Amino acid sequence: MPLATNEELLSTGLLNALLLLAWELAGTRWAEFSGRVGRRLLALAMIALLVFAAMDDIFGRDRGLHVGVWCWLAMTLVAGGCFLRLRRDLPVLAMLALGIIAVVTSALAEFVLTGRETAFEMFALAVAVIAQGTGAAFVLRRLARGETS
Amino acid sequence: MSHDARAQDLWQRLRQADVVSGHAPDIDDETPWYLAALIGVSAWIAALFFFGFFLALFDDLYRQPALAFPMGAACCVVAWLLLRVARGRDFIEQFAIATSLVGQLLIGMAFGEWGERPGGDDHWRLVWLGVGSVAAIMYALGRLTMHRFLCGVIVAVALLAICLVDDDATKHFAIPLLAWAMFAAWWRSAGHDRLAVALPPLAWALGLVLLFSTWFVARAIGLFSGRAGQARDLLLIADALVVPLLPLCAYWLASRQSALDARGRLFAMVIAAGFALLLWRAPGVSIGVTLALIGFALYRPALLAVGLLGAAAYLFDYYYHLQLTLLEKSGWLVAAGVAVLAVRWAHLRFARKEAA
């Protein structure tokens, strides 16, 4: 039996998204909420749960609507835009990038692995993960350099 | 000329000009922690797929150590070569880390197969010794911080497994052994220029595996279930071995502060010893506070946070340990809390007097 159902993962992830939004709004008014640790912890909780929900959705073959994937995608786009443009926070962007790697790799694995894997498929998946990680590291490194210069 | 050679040459010239002294520190790749975490996690995922690649390539690889070992060794050599040229090239770095992990997995698998003996007389201790030794060699060869950290985790897990695999007296000494190894790694890294970059990944790995083992492993193997006789005595000895860690650490760190004289250093050590003695049956607290102290003194905020969180999480877990009664545990916790508050009060009074 799984530790949490897809619905529980989704609802808790969305609750964390609301808490993060409330935290950010409170930060504009009260200095106590302007620190980075609270934001990052809430972002970690939100991203982790929605990524798990999306992965569960991908591997659950009988689900048709893929609500988890859509919620994760919407969250990634909105949070990515906010933490890139409005309040740049590279650790949160790194968490989002790791979420993208996890979900995209899950989707690729679900598509490619059919139970009779050949060495080529496993190798292709490994290269795909490394390529995604490299791309994310490249972008984040450039953003970090831009921040320090 | 390689990057390393250029750096060594520059250091040599600076030393000749009397600008610096001592040996050149290892080159730090200055990867921010969030990037290191991203690279580390994706390297592990890629390593698992690479491992699957080898399993799919060779049928029944589990049962063929004579094939798995040379393949693992080849992966490690390739990883070492890649790590030498990978500086700053993310793709090669990640590929090298994943290859190194796969190599170590394959070698570990071969050792595991060789260590199995018919009739259950397995040599798991030797198997883990082999795994830890390979990881230590890769640690020394591959200078990338994330690679070193992951190899350090394997070394720490191997140390833990060497103590735990056989159900004998050594399992009680797993936590003291890791705790002292972690302390030694931080102590050496702070005292020597050459080790200032080389040892912290190992120290981090030992610290994290240590915290993990104080929370979960100890419970899983039944260290805290009510025991009598020899097992209880061994547990008492193991807990006692952790006690000197905190005062020694306090003394060492106080010695680094130029503002503290000999009396102040002694005072710090006595206070730490009192705290450690009050909580000697809860060694996880001492370990967490030791990590926090090291983090504070060496300007490592992440270590400070991990130490404090570790101590808090251990206290939460400690409540459910069964080797002491609830009343006895409450008494020791209250005594420790009162002692800490009293020391703080005395320190504030003393500081105010000094200022006046």
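No experiment lies behind these values; they were computed from the predicted model shown.

Rules used throughout
- Residues numbered from 1 in each chain as written.
- Chains lettered and ligands numbered in written order.
- Predicted model: local features only at pLDDT ≥ 70, side-chain atom pairs only at ≥ 80, totals over all residues.
- Heavy atoms only, no water.
- Helix = DSSP H or I, 4+ residues; strand = E, 2+ residues; numbered from the N terminus.
- Buried < 20%, exposed > 50% of the residue type's maximum accessible area, 1.4 Å probe, protein only.
- Contact = heavy atoms within 4.5 Å.
- Areas by Shrake-Rupley, 256 points an atom, 1.4 Å probe, with all protein chains shown as cover.
- Core = buried A, V, L, I, M, F, W, Y, C linked by side-chain atoms within 4.5 Å.
- Buried area = accessible area lost by both parts, 1.4 Å probe.
- Salt bridge = Lys/Arg side-chain N within 4 Å of Asp/Glu carboxyl O.
- Polar contact = N/O pair within 3.5 Å; in protein donor to acceptor, adjacent residues only side chain to side chain.
- Nonpolar A, V, L, I, M, F, W, Y, C, P; charged D, E, K, R; others polar.
- Disulfide = S-S within 2.5 Å.
- pLDDT = per-residue confidence, 0-100.
- Phe/Tyr/Trp six-rings, centres within 6.5 Å; stacked < 30°, edge-to-face > 60°.

Topic: the overall build of chain A
- On a plain count of helices and strands, chain A comes out with five helices and zero strands.
- Sequence-ordered secondary structure for chain A, helices as α and strands as β, is α-α-α-α-α.
- Principal axes of the C-alpha set define a box for chain A whose edges measure 55 × 40 × 20 Å.
- Every one of the 149 residues in chain A was classed for burial, and the buried ones make up 42%.

Quick notes on the overall build of chain B
- Helix and strand counts for chain B come out as 15 helices and zero strands.
- Within chain B, the proportion of its 356 residues that are buried is 43%.
- For chain B, contacts bridging at least 24 residues in sequence account for 69% of all contacts bridging at least 6.
- For chain B, the accessible area works out to roughly 18,000 Å², and carbon and sulfur atoms hold 68% of it.

Regarding the environment of Gly274 of chain B
All names here are of chain B.
- Assignment of secondary structure puts Gly274 in helix H12 (residues 262–278).
- We classify Gly274 as partly exposed; its relative accessible area is 31%.
- Taking C-alpha positions, Gly274 is 8.4 Å from Pro247, a pair spaced 27 residues apart along the chain.

A closer look at the nonpolar core
Residue and element names in this part refer to chain B.
- With 112 residues, the main nonpolar core has Leu106, Trp186 and Ile294 as its most contacted residues.
- Considering every element that reaches this core, the biggest residue donor is helix H2 (residues 33–57), with 13 residues.
- With sequence-adjacent residues up to four places away left out, Leu106 is seen in contact with Phe51, Phe54, Leu61, Ala68, Met71, Gly72 and Cys75.
- Within the second largest apolar cluster, twelve residues are counted, among which are Val243, Ala272, Ala276 and Tyr318.

Description of the interface of chain B and chain A
- Taken residue by residue, the interface counts 22 residues in chain B and 26 residues in chain A.
- Here chain B meets chain A over a buried area of about 2,100 Å², counting both sides, of which 82% is carbon and sulfur.
- Of all residues in chain B, Tyr34, Leu38 and Phe49 of chain B bury the most surface against chain A, accounting for 32% of the area lost on that side.
- Counting the contacts that link chain B with chain A gives zero salt bridges.
- There are zero residue pairs in polar contact (both at pLDDT 80 or more) connecting chain B and chain A.
- Put simply, the parts of the chain that give the side of chain B that touches chain A at least two residues each are H2 and helix H4 (90–115) of chain B.
- It is H2 of chain B that contributes the most residues to the side of chain B that touches chain A, 15 residues altogether.
- For the side of chain B that touches chain A, the class distribution of residues is 16 nonpolar, four polar and two charged.

Quick word on the state of the cysteines
All names here are of chain B.
- Counting across every chain of the model gives zero disulfides over all chains.
- You can see Cys76 has no disulfide; the closest cysteine sulfur is in Cys75, sitting 6.9 Å from it.
- Take Cys76: its relative accessible area is 7%, and that puts it in the buried class.
- The thiol sulfur of Cys151 is not disulfide-bonded, and the nearest other cysteine sulfur, from Cys76, lies at 8.3 Å.
- Owing to a relative accessible area of 0%, Cys151 belongs among the buried residues under this scheme.

Section: the side chain of Asn16 of chain A
- With respect to the helices and strands, Asn16 of chain A occurs in helix H1 (residues 6–29).
- In this structure, Asn16 of chain A is in contact with Leu42, Ala45, Met46 and Leu49 of chain A, ignoring residues within four places of it in sequence.

A few points about the confidence of the model for chain B
- Within chain B, residue pLDDT values average 80, and 85% of them lie at 70 or more.
- Confidence metrics for the complex model read pTM 0.75 and ipTM 0.85.

Observations concerning the pattern of salt bridges
- Following the criterion strictly, the structure yields four salt bridges over all chains and no others.
- Bridged by salt links that share partners, the residues Glu24, Arg39, Arg40, Arg87 and Asp89 of chain A form one connected network.

Some details on the packing of aromatic side chains
- Evaluated as defined, the whole model comprises ten aromatic pairs over all chains.
- Seen in terms of ring centroids, Trp180 of chain B and Phe183 of chain B are 6.0 Å apart; in terms of plane orientation they differ by 90 degrees. Their pairing is edge-to-face. Highlighted residues: Trp180 of chain B and Phe183 of chain B, both in helix H7 (residues 174–191), separated by three residues, approximately one helical turn.
- Classification of Trp180 of chain B by relative accessible area gives partly exposed; the value is 28%.
- The structure contains a cluster of three or more aromatic residues connected by ring pairs, namely Phe123 of chain A together with Phe50, Phe53, Phe54 and Phe95 of chain B.

A look at the confidence of the model for chain A
- Here chain A shows a mean pLDDT of 85. Residues at 70 or above account for 91%.
- Confidence, read as mean pLDDT per element, is least for helix H5 (residues 119–148) of chain A in chain A (85) and greatest for helix H4 (residues 90–112) of chain A (91).

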